[in-house]
Amino acid sequence: MQRTTLISQPFDMIVFGGRGDLARRKLIPALYHLAREQRLPDDGRIIAVSRGAMERDAFVKMMHDDCITHSGNGADDTQFDEASWARFAERLTYIGIDATDAKSYGALIDLLKGREDVVRSFYLATAPDLFGPIAANLKALNLVTPASRLVLEKPLGKDLASAHEINAAVARAFSEPQTYRIDHYLGKETVQNLMVLRFANALFEPLWNRTHIDHVQISVAETVGVGGRWRYYNESGALRDMVQNHLLQLICLTAMEPPSTLDADMIRDEKLKVLRALHPVQADEVAAATVRGQYRAGTVDGNAVPGYLEESDADSRSDTETFVAIKIGIDNWRWAGVPFYIRTGKRLPQRSSEIVVQFKTPPHSPYPASAGTIHPNKLVMRLQPDEGIRLIMLNKGRGPGELKLRQTALDLSFAETFGGRSPDAYERLLLDVIRGRPALFMRLDELEAAWRWTDGILQGWSDTGLAPKPYAAGSWGPNAAIALIERDGRTWHEDDI
Ligand code: BG6
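Residues numbered from 1 in each chain as written. Predicted model: local features only at pLDDT ≥ 70, side-chain atom pairs only at ≥ 80, totals over all residues. Heavy atoms only, no water.

J.: Any chance you could explain empty space enclosed by the protein here in plain terms?
T.: Empty space left among the atoms is revealed by rolling a probe the size of a water molecule over them. Tallying each qualifying case throughout the model produces 1 cavity of 30 Å³ or more. In this structure, the largest cavity spans a volume of roughly 40 Å³. Listed by contribution, the elements that provide at least two residues to the lining of the largest cavity are helix 7 (189-199), strand 14 (378-384) and strand 15 (388-396). Examining the composition of the lining of the largest cavity, we find that 3 residues originate from one element, strand 14, more than from any other. Its residues assigned to classes, the lining of the largest cavity shows 4 nonpolar, 3 polar and 1 charged. (1 Å grid on protein atoms, 1.4 Å probe; cavity = no way out; pocket = protein on both sides within 12 Å on 5 of 7 lines; lining within 4 Å. Points joined across faces, edges and corners; volume = space filled by probe spheres on them. Helix = DSSP H or I, 4+ residues; strand = E, 2+ residues; numbered from the N terminus. Nonpolar A, V, L, I, M, F, W, Y, C, P; charged D, E, K, R; others polar.)

In structure tokens, the structure reads:
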């Protein structure tokens, strides 16, 4: 196997919440794939920490089975093999710790002794109310070395005030440059490609503005419901769970100015300017600019599924939204007057995430009406699944008869073009933590700017009592989401070309 990007420095990665859902589904499989592709140094240990004792062998077996389940095609040998697993497993240790009790950290202290110069990453895959206490314990026990990093998973707060509180608590133990706030969308290959597409090609950037772009659409659709995590999700809802972080980051990368270098702060400065330019949605605008939805029973992928209020653990009076659509303005010179329509939801008809940049229609058509409609050009960036880029344009339909204009697509499939396995977002992000590259992590000021804008909508919803509208599972959300864009004479993109 070819060796690429091998990190030379030794590291310890300490995962709090080491037996939790995220560690099992994403973190350990991502580390396994990095090790399998020989991107990790031999001296790199993974220490899973969680409440409760567990024999190491049992832990390793559990992770082995999880890795098979979560390595793409199950035990398909292009994704998983026992020999590389056996080598990887040597890196794994499990320690039972009550993270809130400094007295229970003894085994961790022993394990880290003598490795003060090694890159030490504390990954907090726990509930956010533990972030402050864990950081404080690590500091009090002198476990925070100059080479230490703290990785925080979302949700980082439920509004600006709580986000501020959490960040202030961790800042007492870790400096801002040591703090890595994960938004896993930034680790997706296709999301990173957005910048390459814009800034490594001369073709698009001259057109990337209000003169040539009519509007932008961002859709992140999921078929899954909230199933086993109802209680958690119900405290959050689609706006906090998806928009405040993932969708705003997608807007940033689409709308930002070109950074002069790829330096982490150069990129984050440009994203911050976009977040600060988002038009605040006030209480008197929420009804027109936002749509909240909540799924009812329906059919997804041919299976009957229950409504949000009928999921196990559900409180049938909940008014948490599982779908949100928003018309967003960006108040700056480049984007004045160009709406960004975004939508995201659970239990939609298909899993698909895409950004559609729709250009303006030509100002004049020399073609007779019989030639057909002059549809605008669209650049469709498919983030998942079937990652790729489509440029939709008009061409002449074949034939000597009357001239017909045909919508056609230049289609670039990343799977066909690049081949191989598409790495999971966490692989890139974990590697960047170890390498000390913070560009793909959210800086505190970005996080706070995102919350400030989101808080405006939350406040507006609460002031106006805007309740979620029901939609059938398996549909594209409430009709109001269609009306949101159609009121402006536009439609959500359908990939039917
Ligand atoms: C998470 C949300 O951040 O992103 C989940 O909490 C959501 O609710 C998930 O399902 C979507 O991520 P992906 O990578 O599957 O698009």
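After that view, the rundown keeps rolling.
J.: I tried to follow the environment of Phe 16 on my own but got confused; where do I start?
T.: Mapped onto the secondary structure, Phe 16 falls in strand 1 (residues 11-16). With residues up to four places along the chain from it excluded, the contact list for Phe 16 reads Val 49, Ala 99, Tyr 105, Leu 108, Phe 122, Tyr 123, Leu 124, Ala 125, Thr 126, Ile 134 and Leu 138. (Contact = heavy atoms within 4.5 Å.)

J.: What exactly am I supposed to notice about the pairing of strand 5 (residues 148-152) here?
T.: Where a strand is regular, its side chains alternate between the two sheet faces. The element strand 5 is extensively covered by neighbouring structure, given that 5 of its 5 residues are classed as buried. Burial of the side chains of strand 5 extends over both faces: Ser 148, Leu 150 and Leu 152 are buried on one face and Arg 149 and Val 151 on the other. By the bridge criterion, 5 bridges tie strand 4 (residues 119-124) to strand 5 in an arrangement that is parallel. Residue pairing for strand 5: Ser 121 is matched across the bridge by Arg 149. At this point the chain moves from strand 4, through helix 5 (residues 131-140), to the parallel strand 5, and the crossover so formed is right-handed. In the sheet, strand 5 pairs with strand 6 (residues 179-181) via 3 bridges, with the strands oriented parallel. (Buried < 20%, exposed > 50% of the residue type's maximum accessible area, 1.4 Å probe, protein only. Pairing = 2+ DSSP bridges. Right-handed = clockwise from strand over helix to strand, strands pointing away.)

J.: Before we go on, may I ask you to explain the packing of aromatic side chains in this structure?
T.: By the definition in use, this model includes 18 aromatic pairs. An angle of 75° between the planes, with centres 6.3 Å apart, marks the rings of Tyr 341 and Trp 492 as edge-to-face. Taken as a pair, Tyr 341 in strand 12 (residues 340-345) and Trp 492 in the segment after helix 14 (479-486) lie far apart in primary sequence, 151 residues in all. Residue Tyr 341 is classed as buried on the basis of its relative accessible area, which comes to 0%. (Phe/Tyr/Trp six-rings, centres within 6.5 Å; stacked < 30°, edge-to-face > 60°.)

J.: Honestly, the site of the ligand in this entry has me stumped. Any pointers?
T.: Every residue close to the ligand is listed here: Lys 154, His 184, Tyr 185, Lys 188, Glu 222, Arg 229, Asp 241, Met 242, His 246, Lys 346, Arg 351 and Gln 384. His 246 places a polar side-chain atom, nitrogen or oxygen, 2.7 Å from an oxygen atom of the ligand. A total of 400 Å² of accessible area belongs to the ligand in isolation, and the protein chains cover 81% of it. Tallying contributions element by element places helix 8 (residues 230-255) first for the shell around the ligand, with 3 residues. Here the residues of the shell around the ligand sort into 2 nonpolar, 3 polar and 7 charged. (Near = heavy atom within 4 Å. Polar contact = N/O pair within 3.5 Å; in protein donor to acceptor, adjacent residues only side chain to side chain. Areas by Shrake-Rupley, 256 points an atom, 1.4 Å probe, with all protein chains shown as cover.)

J.: Would you take a moment to explain the nonpolar core for this structure?
T.: Nonpolar side chains in soluble globular proteins tend to be buried together. Core analysis: the biggest nonpolar cluster contains 112 residues, and Trp 85, Tyr 123 and Ile 251 have the highest contact counts within it. Of the residues forming this core, the biggest block, 13 residues, is contributed by helix 8. Apart from the residues lying within four places of it in its own chain, the contact partners of Ile 251 are Ile 218, Val 274, Leu 278, Ile 328, Ile 330, Phe 340 and Ile 342. Membership of the second largest hydrophobic core comes to 29 residues, among which are Leu 138, Leu 143, Leu 156 and Ile 166. (Core = buried A, V, L, I, M, F, W, Y, C linked by side-chain atoms within 4.5 Å.)

J.: For this particular structure, what's the right way to read the side chain of Ser 236?
T.: Tracing the sequence through the fold places Ser 236 in helix 8. Residue classification places Ser 236 among the buried residues on the basis of a relative accessible area of 10%. Of note is the side chain of Ser 236, whose polar atom sits 3.5 Å from the backbone nitrogen of Asp 241. Dropping the residues within four chain positions of it, Ser 236 is found in contact with Asp 241, Thr 320 and Glu 321.

J.: Would you explain the pattern of salt bridges in this entry?
T.: On inspection of all chains with the given rule, the structure shows 35 salt bridges. Residues Arg 490 and Asp 214 are paired through a salt bridge, measuring 2.7 Å at the closest nitrogen-oxygen approach. Within this pair, whereas Arg 490 is found in the segment after helix 14, its partner Asp 214 is found in strand 7 (residues 213-221), the two being separated by 276 residues in sequence. Arg 382 is the salt-bridge partner of Asp 411, the closest N and O atoms lying 4.0 Å from each other. In this pair, Asp 411 sits in strand 16 (residues 405-413) while Arg 382 sits in strand 14, placing the two residues 29 residues apart along the sequence. When salt bridges with common partners are traced through the structure, they connect Asp 265, Arg 268, Asp 269, Arg 443 and Asp 445 into a single cluster. (Salt bridge = Lys/Arg side-chain N within 4 Å of Asp/Glu carboxyl O.)

J.: Looking at this structure, how should I read the side chain of Ser 50?
T.: Relative to the helices and strands, Ser 50 resides in strand 2 (residues 44-50). The class for Ser 50 is buried, based on a relative accessible area of 15%.

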